[in-house]
Amino acid sequence: MSTNTASALSAAASLLRQARRIVCLTGSGVSAESGVATFRNVENGLWARFDPQRLATQEGFAANPGLVWQWYMHRLDAVEQAQPNPGHSALAELEHRLPVFTLVTQNVDDLHERSGSRHVLHLHGRINRFHCNVCGFDHDLRSSERRATAPPRCIACGGAVRPSVVWFGEPLPHRLLDKAWQASERCDLFLVVGTSGLVYPAAQLPLLAQQHGAPIIDINPEVTPLSEQAEIHLAGRSGALLPRLLELLGKET
Ligand code: BJW
Ligand code: ZN
């Protein structure tokens, strides 16, 4: 594992230049510089302030649907007010410049799309989509329904409507996970950005790529289990390091 020296950045640019099929896995750290909270930061992460068992599980929703609903709508408001940062823009630019670039995100926000990424695999769903927790019917909501203190009722079956995110213990969207899995098996470089690498099966993807021979580049100010596995760990903020990487890529091709 090498860290954030000029030579590590240049080695990362060189790996990117040689690669033909790249997969990038992002986590909440990539949106941190847009003001969106991460989950596990010990001071201001969501799980430092809120109990995931009460807010991000079926059991929590059954016990207190109103609390869960209001918590997610509050977070949705924050996401809608946030703007993409230079890290998102650099990833969108990489998708345009590199031959095959698969962007897999654990993030439920839409900041990748808003900065121009076209194909984003949202493994943990999207906070601005809604479906019935009972029959699965998709719902578009009016703003009055979003502001209500309890979840809206399904027009098909009367069940509770919920945000289309993936809670603990729930399966990831099967088709998207399959795509991400296959791309990871076939890629020749795996870029990890802004994730603690603690949540599975997402955290398995870089390891799968590595088992198939692809090096891992990790961008994170902290050392994570994935940084320890990575060929290159660039220790710093993605909003600063990704644009530098992009610049080096342009210069040396
Ligand atoms: C910066 C930065 C900057 C800061 N620049 N970086 C195998 C082993 C053990 C457990 C399991 C296992 N397989 C499954 C499990 C159980 C569980 C799991 O993984 N638990 C572990 C936590 C122990 N997984 C599941 O339950 C999953 N489902 C499943 O496996 O289903 C199986 C099944 C099959 C068939 C039928 C039924 C079931 C589902 C997981 C769903 C995760 N959901 C959440 C919430 C989404 C909704 C919401 O938003 O509320 O997803 S939890 C939360 O964690 C969220 C995130 O996407 C996910 C990952 O977090 P992330 O993004 O990495 O954030 P942080 O905060 O952890 O890290 C941020 C990082 O950024 C840090 O490292 C910072 O340093 C860094 N950073 N600033 C760059 N500027
Ligand atoms: Zn329904």
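Just so you know, these numbers come straight off a predicted model, no measurement behind them. (Residues numbered from 1 in each chain as written. Chains lettered and ligands numbered in written order. Predicted model: local features only at pLDDT ≥ 70, side-chain atom pairs only at ≥ 80, totals over all residues. Heavy atoms only, no water.)

**Section: the nonpolar core**
Argument step 1. Of all hydrophobic cores here, the largest spans 29 residues; its most connected members are Leu 191 and Leu 234.
Argument step 2. Contributions of two or more residues to this core are made by helix H1 (6-18), strand E1 (21-26), helix H7 (86-97), strand E2 (100-105), strand E7 (189-193), strand E8 (216-219), strand E9 (232-234) and helix H13 (238-252).
Argument step 3. The element that contributes the greatest number of residues to this core is H13, accounting for six residues.
Argument step 4. Sequence-distant contacts of Leu 191, that is, excluding residues within four places in its chain, are made with Val 23, Cys 24, Leu 25, Leu 91, Leu 94, Ile 217, Ile 219 and Leu 242. (Core = buried A, V, L, I, M, F, W, Y, C linked by side-chain atoms within 4.5 Å. Buried < 20%, exposed > 50% of the residue type's maximum accessible area, 1.4 Å probe, protein only. Helix = DSSP H or I, 4+ residues; strand = E, 2+ residues; numbered from the N terminus. Contact = heavy atoms within 4.5 Å.)

**Some details on the pairing of strand E4 (residues 125-132)**
Each regular strand shows side chains that alternate between the opposite faces of the sheet.
Argument step 1. For E4, a buried count of six out of eight residues is recorded, marking the element as mostly surrounded by other parts of the structure.
Argument step 2. As defined by bridge partners, E4 adjoins strand E6 (residues 161-165) across five bridges and the pair is classed as antiparallel. For Cys 132, the partnering residue across the bridge sits in E6 and is Val 161.
Argument step 3. Relative to strand E5 (residues 138-139), E4 is paired through two bridges, and the arrangement is antiparallel. (Pairing = 2+ DSSP bridges.)

**Some remarks on helix H11 (residues 204-211)**
Argument step 1. Burial analysis of H11 places six of its eight residues in the buried class, which makes it a mostly covered element.
Argument step 2. Among the residues making up H11, those that are buried are Leu 205, Pro 206, Leu 207, Leu 208, Ala 209 and Gln 210.
Argument step 3. Two residues or fewer past H11, Gly 213 is found with a positive phi of approximately 100 degrees.

**Topic: the environment of Gly 29**
Argument step 1. Within the secondary structure layout, Gly 29 lies in helix H2 (residues 29-32).
Argument step 2. Taking the C-alpha atoms as reference points, Gly 29 and Gly 194, 165 residues apart in sequence, are found 3.9 Å from one another.
Argument step 3. When near neighbours in sequence (up to four residues on either side) are disregarded, Gly 29 contacts Thr 38, Gly 194 and Ser 238.

**Notes on the site of ligand 1**
Argument step 1. Taken together, 35 residues form the shell around ligand 1, and within it Arg 40, Tyr 72, Arg 75, Thr 195 and Ser 196 come nearest.
Argument step 2. Contact between ligand 1 and Phe 39: an oxygen atom at 2.8 Å from a main-chain N or O atom of the residue.
Argument step 3. Surface burial for ligand 1 is 73%, taken as the share of its 1,500 Å² of free accessible area covered by protein chains.
Argument step 4. Every element with two or more residues in the shell around ligand 1 is listed here: H2 and helix H6 (65-81).
Argument step 5. Here the shell around ligand 1 is composed, by residue class, of 16 nonpolar, 13 polar and six charged. (Near = heavy atom within 4 Å. Polar contact = N/O pair within 3.5 Å; in protein donor to acceptor, adjacent residues only side chain to side chain. Areas by Shrake-Rupley, 256 points an atom, 1.4 Å probe, with all protein chains shown as cover. Nonpolar A, V, L, I, M, F, W, Y, C, P; charged D, E, K, R; others polar.)

**Looking at the coordination of the zinc ion (ligand 2)**
Argument step 1. The protein atoms that coordinate the zinc ion (ligand 2) are Cys 132 (SG), Cys 135 (SG), Cys 154 (SG) and Cys 157 (SG), at distances spanning 2.2 to 2.4 Å.
Argument step 2. Its four donor atoms give the zinc ion (ligand 2) angles of 101 to 116 degrees at the centre, a pattern that matches the tetrahedral case.
Argument step 3. Along the chain, the residues donating to the zinc ion (ligand 2) fall in the pattern C-x2-C-x18-C-x2-C. Note that Cys 135 is positioned in the loop between E4 and E5 and Cys 157 in the loop between helix H9 (143-147) and E6, a separation of 22 residues in sequence.
Argument step 4. For Cys 135, a relative accessible area of 42% corresponds to the partly exposed category.
Argument step 5. By relative accessible area, Cys 157 is classed as partly exposed at 41%. (Donors = N, O, S within 2.8 Å, 3.2 Å for Na, K, Ca; no water. Tetrahedral: all angles 85-135°; square planar, octahedral: opposite > 155°, others 65-115°.)

**A few points about the domain arrangement of the chain**
Argument step 1. Taken domain by domain, the chain consists of domain 1 (3-36 + 85-124 + 172-252) and domain 2 (45-81 + 130-165).
Argument step 2. One C-alpha centre belongs to domain 1, the other to domain 2; they are set 29 Å apart.
Argument step 3. If you look at the interface, domain 1 gives six residues, while domain 2 gives five residues.
Argument step 4. Around 370 Å² of area is buried between domain 1 and domain 2 when both sides are counted, 64% of it from carbon and sulfur atoms.
Argument step 5. Considering only the side of domain 1, the residues that lose the most area to domain 2 are Val 108, Arg 114 and His 124, jointly responsible for 64% of the buried surface there.
Argument step 6. Scanning the region where domain 1 abuts domain 2 turns up zero salt bridges.
Argument step 7. Here domain 1 and domain 2 share one residue pair in polar contact (both at pLDDT 80 or more) between them.
Argument step 8. Residues of the side of domain 1 that touches domain 2, tallied by class, amount to two nonpolar, one polar and three charged. (Domains from an automatic or database assignment. Buried area = accessible area lost by both parts, 1.4 Å probe. Salt bridge = Lys/Arg side-chain N within 4 Å of Asp/Glu carboxyl O.)

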